[in-house]
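These are the residues of each chain, in order.
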Amino acid sequence: MGKKEAFMVQKLFKSGAFAKLCNTTKDTLFHYDDIGILKPAQVSSNGYRYYSLNQMYMFDLIATLKEVGLSLDEIGEYIKHRDTENFVAMLKEKDKKLNHEIKLLTRRRRLLQNTLKLAEASLEIEEDTIKIEYCDEMYFILSDKVTSTDDKTAFETLSKHFEYVYEHNYYDDFTTGEIVSTDSVEKETFKTTYLSSRIRRAVRSKYLHIRPSGRYAKKYVRSSYANLRQEYKKFYEELKDIAPTTGPIYQNDMTSYLSEQNRQDYLMTLERRIIE
């Protein structure tokens with residue numbers, strides 16, 4: 001029996017025809033051949049590759065494993081030791097990784113949406129005017145207490161805070177705020193007591209801070225971080241003519257270096273609770 005007759009009996013297809021059957025390209029088949037995960041059934045003396053119809057199942061296996069996220073190297077290793085036990089173990093491990101990736105992507109999208117919401121809102125607010133608003137309970141993750149304002153210590157405190165919130169998935173936007181404690185306000189030193197990151201719900205953490213619901217005086221200011229202490233003092237003095245207040249001053253960024261070129265143009269909110 002000649003080669004042509006053998007090919008017809010075995011129903012072999014040239015690489016181009018087989019690629020069309022598998023809805024792929026010849027280059028993909030050549031690559032799979034090169035790395036050894038799908039070799040042609042036969043190679044003719046002139047170098048043409050021929051594939052059997054049964055090899056569509058192997059191609060489908062490779063495509064399925066790629067779809068669930070396995071690399072070609074992982075697929076190659078699995079093919080060498082293919083059985084149900086290995087299949088179950090592999091899929092369980094991949095499911096675990098995919099679940100982690102889903103959580104990561106969900107967190108990234110939440111970050112993007114919340115930061116976008118803040119940036120859009122910043123285009124419509126009225127600056128340098130104090131308004132009284134009712135606010136629901138809010139939740140923050142605090143840094144360690146800020147003990148010094150020198151650059152090195154401040155950077156270390158901020159870095160540790162970021163590391164903690166990232167590790168525990170405790171951040172919902174890219175902004176970072178400050179809290180000036182009641183003591184610091186009443187002594188009129190207006191020193192930053194904590195750095196803070198807003199979160200959407202209460203969590204079990206030693207760094208959790210719950211801001212009570214109630215009526216708050218709110219002011220939008222455009223300034224730099226270097227001038228915040230003066231802004232706190234001005235805000236405190238203005239409140240004396242509006243309503244009695246209590247508790248910390250809460251500062252949160254609306255815009256920052258992420259969207260503003262000039263550091264003097266950062267938009268921030270200052271808030272303090274009204275005494276009912």
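Structure: above.
Residues numbered from 1 in each chain as written. Predicted model: local features only at pLDDT ≥ 70, side-chain atom pairs only at ≥ 80, totals over all residues. Heavy atoms only, no water.

Draft legend 1. Spotlight on the overall build of the protein. Scanning the protein from terminus to terminus reveals 9 helices and 11 strands. Computed over the C-alpha atoms, the radius of gyration of the protein is 31 Å, more than 25% above the 19 Å expected from 2.2 N^0.38 for a compact globule of 276 residues. Evaluated residue by residue, the protein yields a buried proportion of 39% over its 276 residues. For the protein, the proportion of contacts with a sequence separation of at least 24, taken over those separated by at least 6, is 70%. Separation of charge centres in the protein, based on 44 positive and 43 negative side chains, amounts to 5 Å. (Helix = DSSP H or I, 4+ residues; strand = E, 2+ residues; numbered from the N terminus. Rg over C-alpha atoms; globule rule 2.2 N^0.38 Å. Buried < 20%, exposed > 50% of the residue type's maximum accessible area, 1.4 Å probe, protein only. Contact = heavy atoms within 4.5 Å. Lys, Arg positive; Asp, Glu negative; His and termini not counted. Charge placed at Lys NZ, Arg CZ, Asp CG, Glu CD.)

Draft legend 2. Examining the sheet that holds strand β5 (residues 138-142) more closely. Spatial strand order, β4-β9-β11-β10-β6-β7-β5-β8: 8 strands in an open sheet with antiparallel pairing. Pairing within the sheet leaves two strands with one partner each, and these edge strands are β4 (130-135) and β8 (208-211). Across the sheet, the mean angle separating the axes of adjacent strands is 35° when strand polarity is ignored. In the sheet, β5 pairs with strand β7 (residues 194-199) via 4 bridges, with the strands oriented antiparallel. Within the sheet, the bridge partner assigned to Y139 lies in β7 and is I199. (Pairing = 2+ DSSP bridges. Axes fitted to C-alpha atoms, helices over the stretch in contact; angles between N-to-C directions.)

Draft legend 3. View of the sheet that holds strand β2 (residues 42-43). If you trace the 3 strands from one edge of the open sheet to the other, you get β1-β3-β2, paired in antiparallel fashion. With one partner strand each, in any of the chains shown, β1 (12-14) and β2 form the two edges of the open sheet. Where β1 lies against strand β3 (residues 49-52), 3 bridges are found, and the strand directions are antiparallel. Each bridged residue has a counterpart across the sheet, and for K14 the counterpart in β3 is Y50.

Draft legend 4. Just the pairing of strand β11 (residues 266-274), in detail. Counting buried positions along β11 yields 8 of 9 residues, so the element is predominantly enclosed. With 8 bridges connecting them, strand β9 (residues 214-223) and β11 associate as antiparallel partners. Bridge pairing in β11 places A217 opposite R272.

Draft legend 5. Representation of a nonpolar patch on the surface within the structure. A contiguous nonpolar surface patch, about 200 Å² in accessible area, is contributed by F87, V88 and L91. Within the secondary structure layout, F87 lies in helix α6 (residues 84-121). (Patch = residues over 30% accessible without salt bridge, like charges linked within 9 Å, V, L, I, M, F, W, Y side chains within 5 Å. Areas by Shrake-Rupley, 256 points an atom, 1.4 Å probe, with all protein chains shown as cover. Salt bridge = Lys/Arg side-chain N within 4 Å of Asp/Glu carboxyl O.)

Draft legend 6. Molecular detail of the environment of T25. Counting through the fold element by element, T25 comes out in the loop between α2 (15-21) and α3 (26-35). For T25, a relative accessible area of 41% puts it in the partly exposed group. Spatially, the C-alpha atoms of T25 and S15 are 8.7 Å apart, while their sequence positions differ by 10 residues.

Draft legend 7. Fine view of the packing of aromatic side chains. The tally for this structure, following the rule as stated, stands at 8 aromatic pairs. Taking 5.1 Å as the distance between ring centres and 55° as the angle between the ring planes, the aromatic pair formed by Y225 and Y266 counts as tilted. Of the two residues, Y225 is situated in the loop between β9 and α9 (228-239) and Y266 in strand β11; the sequence distance between them amounts to 41 residues. Given the relative accessible area of 8%, Y266 is considered buried. Taking the ring centre of Y48 as reference, the NZ or CZ of K14 above it sits at 4.9 Å. (Phe/Tyr/Trp six-rings, centres within 6.5 Å; stacked < 30°, edge-to-face > 60°. Lys NZ or Arg CZ within 6 Å of the ring centre and 35° of its normal.)

Draft legend 8. Quick look at the pattern of salt bridges. In total, this model carries 16 salt bridges according to the counting rule given. Where E133 meets K218, a salt bridge forms, and the shortest distance between an N and an O atom there is 3.4 Å. Here the residue E133 occupies a position in strand β4, and K218 occupies one in strand β9, the gap between them amounting to 85 residues. Residue class for E133 comes out partly exposed when judged on its relative accessible area of 30%. As a salt-bridge pair, E237 and K240 come within 3.4 Å of each other at their nearest N and O atoms. In this structure, a network of salt bridges that share partners links the residues E133, R211, K218 and E271.

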